[in-house]
Amino acid sequence: MASFTLRLTPSSSSSSSSIHKPILSSSSSYRNPQRASFPLSNNHNPLNLQTPHLHQHHHHLFPAIRPFLQRTRATTVTKDLWENTILKSETPVLVEFYANWCGPCKMVHRVIDEIETEYAGKLKCFKVNTDTDMQIADNYEIKAVPVVLLFKNGEKYDSVIGTMPKEFYVAAIERVLKS
């Protein structure tokens, strides 16, 4: 915990008086505004700027970040669908392991969406929420997200760990398709 030193100076009105004024307020005066020697205001906004509320969606104010707010188009797969959808697929499969709270996962979603469009018919893309389907993540020793696994003929063939440029995902996909 940080501590502050208070330096007290005599009041200019009476040098013999024991009244002193603080030059630096301690952290306790910040927590207790009645002890502060300066006015506190929670509404300090000198330019009178409007600030958007976090719970409202102002897509018209922030068009540049709208793509990051969108969810991936990849289909969610659960443990109940895993075997038929992933392991028995005749087409190579890309599976993104993610979590809703993961910021980097949102960037990977965007890349996977592009890949899904570019490789339509050659590759199927799915996603697994590691918070709700922990068993699948445990089976493949997923310790952190995002992780992308590539499957071919029911076997894990390649992986890309972490948020990487699109070229890393494409290179792994090309290795799977050429094998």
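Residues numbered from 1 in each chain as written. Predicted model: local features only at pLDDT ≥ 70, side-chain atom pairs only at ≥ 80, totals over all residues. Heavy atoms only, no water.

- The name given to the chain in an unreviewed UniProt entry is Sodium- and chloride-dependent GABA transporter 1, with the source organism recorded as Stylosanthes scabra.

### Concerning the overall build of the chain
Then, in step 1: Check the secondary structure of the chain and you find six helices and seven strands.
Then, in step 2: Reading the chain from its N terminus to its C terminus gives the helix and strand order β-β-α-α-β-α-β-α-β-α-β-β-α.
Then, in step 3: Going through the 179 residues of the chain one by one, you find that 31% of them count as buried.
Then, in step 4: Of the contacts formed within the chain by residues at least 6 apart in sequence, a portion of 59% connects residues at least 24 apart.
Then, in step 5: About 12,700 Å² of surface is accessible on the chain, with carbon and sulfur atoms providing 54% of the total. (Helix = DSSP H or I, 4+ residues; strand = E, 2+ residues; numbered from the N terminus. Buried < 20%, exposed > 50% of the residue type's maximum accessible area, 1.4 Å probe, protein only. Contact = heavy atoms within 4.5 Å. Areas by Shrake-Rupley, 256 points an atom, 1.4 Å probe, with all protein chains shown as cover.)

### So, the nonpolar core
Nonpolar side chains tend to gather and get buried jointly when the protein is soluble and globular.
Then, in step 1: Judged by nonpolar contacts, the single largest core of 20 residues is most densely connected at W82, I86, V95, F97, I142 and F151.
Then, in step 2: For this core, the element with the most residues is strand β4 (residues 93–98), which contributes four residues.
Then, in step 3: Setting aside residues up to four positions removed in sequence, F97 forms contacts with W82, V128, T130, I136, A137, I142, V145, P146, V147 and L149.
Then, in step 4: Within the second largest apolar cluster, 16 residues are counted, among which are A74, L94, L123 and C125. (Core = buried A, V, L, I, M, F, W, Y, C linked by side-chain atoms within 4.5 Å.)

### Considerations on the confidence of the model for the chain
Then, in step 1: Across the chain, pLDDT averages 76, with 60% of residues at or above 70.
Then, in step 2: Mean pLDDT values for the elements of the chain range from 44 in helix α2 (residues 66–69) up to 98 in strand β6 (residues 147–152).
Then, in step 3: The low-confidence segment residues 35–42 (pLDDT under 50) makes eight contacts with residues lying over four places distant or belonging to another chain.
Then, in step 4: Counting contacts from residues 51–63, a segment whose pLDDT is below 50, to residues more than four positions away or on other chains yields five contacts. (pLDDT = per-residue confidence, 0-100.)

### Some words on the sheet that holds strand β5 (residues 124–129)
Then, in step 1: As summarised here, the arrangement of the five strands in space is β3-β5-β4-β6-β7, forming an open sheet in which the pairing is mixed. Both outer strands of the open sheet, β3 (75–76) and β7 (155–161), are each paired with one neighbouring strand and no more.
Then, in step 2: For β6 and β7, the ladder comprises six bridges, and the chain directions are antiparallel. Looking across to β7, one finds that V147 is bridged to I161.
Then, in step 3: Contacts from helix α3 (residues 79–87) reach β4, β5 and β6 within the one sheet, and its direction differs from that of β4 by about 145°.
Then, in step 4: Packed onto the sheet, helix α4 (residues 103–118) meets β4, β5 and β6 and runs at close to 165° relative to β4. (Pairing = 2+ DSSP bridges. Axes fitted to C-alpha atoms, helices over the stretch in contact; angles between N-to-C directions.)

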